[in-house]
Amino acid sequence: RSLILSRGCDMAIQRILVPVDGSVEAGAAFQQALEIAGLADAEVIVAYVVDIREKMSTFEKLTGEKEACTEEELEEEAGPVFAPLRKDAGEHRIRFVAAAGAPSLTITALAHKLDVQLVVMGNRGSGGMKRFMTGSVSQYVLENALCPVMIVKNPKVMQERKEREEWREQFYPSRLAERNGKKNQ
């Protein structure tokens, strides 16, 4: 059994990478990946990336003298994030991987190194200045991964947006007509 990515593409999904950070969005991405893995009989690779930049002093950042985290440090930090996902894994084939580095670069490198056919990841929706200063991890991976990337948004936020839009359409029907490509008459 295999799930084909798109028409004319003979590449079946065998491995799915799911970067996690303990957020609601990452949890939703994990659930989505499990669903796809069930359809494709694929392995799910759950990755936690320790942002090494957050662990470095200003001196270490300037000199580049900080070594990567030890295996023990990686496991210690990833353990609490992996624990609830292990419980939800069920009968799926799942592998857990912890790595250190800049999240966007490390996730993209893992996708290539682990030869995954799909990355499923959450999107926190950081806005304004934070996105300007740090960039979006999901946007970087989307643009630089060598495989398809699925971005999963926070289900609660999406439901709230849908409800707000339905309310607006109820009280402002012209918005609905505009969106459907019809002019007000």
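Bear in mind the structure is a predicted one, so any value in this text is a computation, not a measurement.

Trainee: Could you give an account of a negative patch on the surface, with specific residues and numbers?
Mentor: A cluster of acidic side chains, namely E71, E72, E73, E75 and E76, defines a negative patch on the protein surface. Turning to its location among the elements, E75 is positioned in helix α3 (residues 71–88). Judged by its relative accessible area of 39%, E75 falls in the partly exposed class.

Trainee: So what's going on with the side chain of T106? Residues and values would help.
Mentor: On the secondary structure map, T106 appears in helix α4 (residues 103–113). Classification of T106 as buried rests on a relative accessible area of 12%. Beyond its immediate chain neighbours, meaning those up to four positions away, T106 contacts V49, A99, A100 and G101.

Trainee: With reference to specific residues and values, describe the sheet that holds strand β5 (residues 149–153).
Mentor: Spatially, 5 strands are ordered β3-β2-β1-β4-β5 in an open sheet, and the strand pairing comes out parallel. For this open sheet the edge positions go to β3 (94–101) and β5, each flanked by a neighbour on one side alone. Neighbour-to-neighbour, the strand axes of this sheet turn through a mean angle of 25 degrees, independent of strand direction. Relative to β3, strand β2 (residues 43–51) is paired through 8 bridges, and the arrangement is parallel. Across the sheet, residue V49 finds its bridge partner in β3, namely A99. Relative to the sheet, helix α1 (residues 24–40) contacts β1 (15–20), β2, β3, β4 (118–123) and β5, its axis offset from that of β4 by approximately 150 degrees. On top of the sheet, α4 reaches β1, β2, β3 and β4; it is set at about 135 degrees to β3, its chief contact.

Trainee: Just give me the short version of the packing of aromatic side chains, but keep the residues and values in it.
Mentor: For the structure on display, the rule yields 2 aromatic pairs. Consider the rings of F82 and F96, whose centres lie 4.8 Å apart with planes at 55 degrees: the pair is tilted. Highlighted residues: F82 in helix α3 and F96 in strand β3, separated in sequence by 14 residues. By relative accessible area, F82 is classed as buried at 2%. Members of the aromatic cluster, joined through ring pairs, are Y48, F82 and F96. The ring of F96 has R86 sitting right over it, with the charged end atom 4.3 Å from the ring centre.

Criteria and cut-off values
Residues numbered from 1 in each chain as written. Predicted model: local features only at pLDDT ≥ 70, side-chain atom pairs only at ≥ 80, totals over all residues. Heavy atoms only, no water. Patch = residues over 30% accessible without salt bridge, like charges linked within 9 Å, V, L, I, M, F, W, Y side chains within 5 Å. Areas by Shrake-Rupley, 256 points an atom, 1.4 Å probe, with all protein chains shown as cover. Salt bridge = Lys/Arg side-chain N within 4 Å of Asp/Glu carboxyl O. Lys, Arg positive; Asp, Glu negative; His and termini not counted. Charge placed at Lys NZ, Arg CZ, Asp CG, Glu CD. Helix = DSSP H or I, 4+ residues; strand = E, 2+ residues; numbered from the N terminus. Buried < 20%, exposed > 50% of the residue type's maximum accessible area, 1.4 Å probe, protein only. Contact = heavy atoms within 4.5 Å. Pairing = 2+ DSSP bridges. Axes fitted to C-alpha atoms, helices over the stretch in contact; angles between N-to-C directions. Phe/Tyr/Trp six-rings, centres within 6.5 Å; stacked < 30°, edge-to-face > 60°. Lys NZ or Arg CZ within 6 Å of the ring centre and 35° of its normal.

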